[in-house]
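# Descriptive analysis of the structure
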Amino acid sequence: EPEVTQTPSHQVTQMGQEVILRCVPISNHLYFYWYRQILGQKVEFLVSFYNNEISEKSEIFDDQFSVERPDGSNFTLKIRSTKLEDSAMYFCATGLAVLNEQFFGPGTRLTVL
Amino acid sequence: AQTVTQSQPEMSVQEAETVTLSCTYDTSESDYYLFWYKQPPSRQMILVIRQEAYKQQNATENRFSVNFQKAAKSFSLKISDSQLGDAAMYFCAYRSASGGYQKVTFGTGTKLQVIP
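For the structure given in this document, a descriptive report is provided here. (Residues numbered from 1 in each chain as written. Chains lettered and ligands numbered in written order. Predicted model: local features only at pLDDT ≥ 70, side-chain atom pairs only at ≥ 80, totals over all residues. Heavy atoms only, no water.)

### Focus on the overall build of chain A
To keep things clear, this is the line we draw: We count a stretch as a helix when DSSP gives it H or I for four or more residues in a row; a strand needs E for two or more, and each element gets its number in order from the N terminus. Residue burial is assigned from relative accessible area. The probe radius is 1.4 Å, only protein chains are included, and a residue is buried under 20% of its type maximum, exposed over 50%, and partly exposed in between. Throughout, a contact is declared for two residues whenever any of their heavy atoms are within 4.5 Å. Using a 1.4 Å probe, the Shrake-Rupley method yields the accessible areas, and only the shown protein chains count as cover for residues. Charge assignment in this entry is limited to Lys and Arg as positive and Asp and Glu as negative, and neither His nor the chain termini are counted. The atom standing in for a charge is NZ when the residue is Lys, CZ when it is Arg, CG when it is Asp and CD when it is Glu.
Across its full length, chain A holds zero helices and 11 strands. Tracing chain A from N to C terminus, the helices and strands come up as β-β-β-β-β-β-β-β-β-β-β. Along the three orthogonal principal directions, the C-alpha set of chain A runs to about 35 × 30 × 25 Å. Across the 113 residues that make up chain A, the buried fraction comes to 45%. Within chain A, residue pairs in contact and separated by at least 24 positions form 54% of the contacts whose partners lie at least 6 positions apart. With an accessible surface of roughly 5500 Å², chain A has 47% of that area assigned to carbon and sulfur atoms. For chain A, the distance from the average position of its 9 positive side-chain charges to the average position of its 14 negative side-chain charges is 4 Å.

Here you go:
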């Protein structure tokens, strides 16, 4: 069964550094999402992406965050200058159509020191 | 804005018994989807069951079933014949059926412990 994959599984970085989290969607999926889960808290929506554009974003997704599909396959989340409070589990999700089920990846644990 | 509330941070059930996890939500929309996701210790979220708000019939998936009460905005999950592999965090979630709103809104989760 096809799965969403994410790399790396764990990323440790220093405050102020840039990080790029990568996601490989299920091959025929067209809708892409990022969510995050701070330890012990609920999963929060960050952004949705379709047709090379952001279609929806939350208030968390400020100018420090960006998304893109640089090569038509990988879907990336970039945090330009990480802060301590960016430490969280980041989940990529993908879907075939806008109202179809979102399939979640295993997540990338980001630790900002 | 839609909200999802799970009032049970932790629940436990004896193996082979039945447990019900509670969820309430708030929305002004009439058409939407509700989900239960399971997040095992490995942390990849898996969809357990899905309910379309326009359907009156409660969804079932093998040992998992829901009690969907639209007027009360309640969406509980019943797990029958609980197994050790059911131990996980369970998230109730909401998604608008309006195509322009794609985000899934999650509750805070219920940690389910299955006692052998």
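### Side note on the sheet that holds strand E1 (residues 5–7) of chain A
Residues and elements named next belong to chain A. The condition that has to hold: For two strands to pair, DSSP has to find at least two bridges joining them. Orientation is described by lines fitted to C-alpha atoms, with helices fitted over the stretch in contact, and by angles between N-to-C directions that extend from 0 to 180 degrees.
Taken together, four strands build an open sheet; the order of strands is E1-E3-E8-E7 and the sheet is antiparallel. Of all strands in the sheet, those with a lone pairing partner are E1 and strand E7 (65–68), marking the two edges. Across this sheet, the average inter-strand angle for adjacent strands is 20 degrees, counted without regard to direction. Here five bridges tie strand E3 (residues 19–24) to strand E8 (residues 75–79), and the two strands are oriented antiparallel to one another. Directly across from Leu21, in E8, lies its bridge partner Leu77.

### Observations regarding the interface of chain B and chain A
As a reminder, the rule being used: Two parts placed together each lose some accessible area; with a 1.4 Å probe, that loss summed over both constitutes the buried area. N or O atoms closer than or at 3.5 Å make up a polar contact, with two conditions inside protein: a donor-capable atom paired with an acceptor-capable one, and, for residues adjacent in sequence, both atoms drawn from side chains.
Taken together, the contact pairs 22 residues of chain B with 23 residues of chain A. For the pair chain B and chain A, the summed buried area comes to about 2000 Å², and 51% of that belongs to carbon and sulfur atoms. Across the chain B-chain A interface, the total number found is seven residue pairs in polar contact (both at pLDDT 80 or more). Every element with two or more residues in the side of chain B that touches chain A is listed here: strand E5 (32–39), strand E6 (46–52), strand E10 (88–96) and strand E11 (104–106) of chain B.

### Let's talk about the packing of aromatic side chains
Residues and elements named next belong to chain B. Spelled out, the test is: Stacked, edge-to-face and tilted labels apply to pairs of Phe, Tyr and Trp rings (six-membered ring for Trp) whose centres lie within 6.5 Å, assigned for plane angles under 30 degrees, over 60, and everything in between, in that order.
Under the definition given, this model contains 19 aromatic pairs over all chains. Residues Phe35 and Tyr37 carry aromatic rings whose centres are separated by 5.9 Å and whose planes lie at 40 degrees to one another, so their mutual orientation is tilted. Of the two residues, Phe35 and Tyr37, both sit in the buried class. The interplanar angle of 50 degrees and the centroid separation of 5.6 Å between the aromatic rings of Tyr37 and Phe106 together place this pair among those described as tilted.

### Some remarks on the pattern of salt bridges
Residues and elements named next belong to chain B. Note the cut-off: Each salt bridge in this description consists of a side-chain nitrogen of Lys or Arg and a carboxyl oxygen of Asp or Glu lying within 4 Å of one another.
All chains considered together, the criterion is met by five salt bridges over all chains. Here Glu52 makes a salt bridge to Lys55, at a shortest N to O gap of 3.8 Å. A salt bridge links Asp86 to Arg63, with the shortest nitrogen-to-oxygen separation between them at 2.8 Å. One end of the pair, Asp86, is in the loop between strand E9 (74–79) and E10; the other, Arg63, is in the loop between strand E7 (60–61) and strand E8 (64–69), and 23 residues separate them in sequence.

### Some details on the nonpolar core
Cut-off, in case you're wondering: Take the buried residues of types Ala, Val, Leu, Ile, Met, Phe, Trp, Tyr and Cys, join any two whose side-chain atoms come within 4.5 Å, and each joined set is a nonpolar core.
The biggest cluster of nonpolar side chains holds 25 residues, and the ones touching the most others in it are Tyr25, Trp36, Phe75, Leu77 and Tyr90 of chain B. When residues in this core are grouped by element, the largest group, four residues, is from E10 of chain B. Grouped together as the second largest cluster of nonpolar side chains are 22 residues, Val19, Phe49, Ile60 and Phe75 of chain A included.

### Some details on the pairing of strand E11 (residues 108–112) of chain A
All names here are of chain A. Here E11 shows a buried face lined by Thr108, Leu110 and Val112 and an unburied face lined by Arg109 and Thr111. Pairing analysis gives four bridges linking strand E2 (residues 10–13) to E11, with the strands arranged parallel. Bridge pairing in E11 links Thr13 to Val112. Sheet analysis places strand E9 (residues 88–95) next to E11, joined by three bridges and oriented antiparallel. Residue pairing across strands places Met89 opposite Arg109, the latter belonging to E11.

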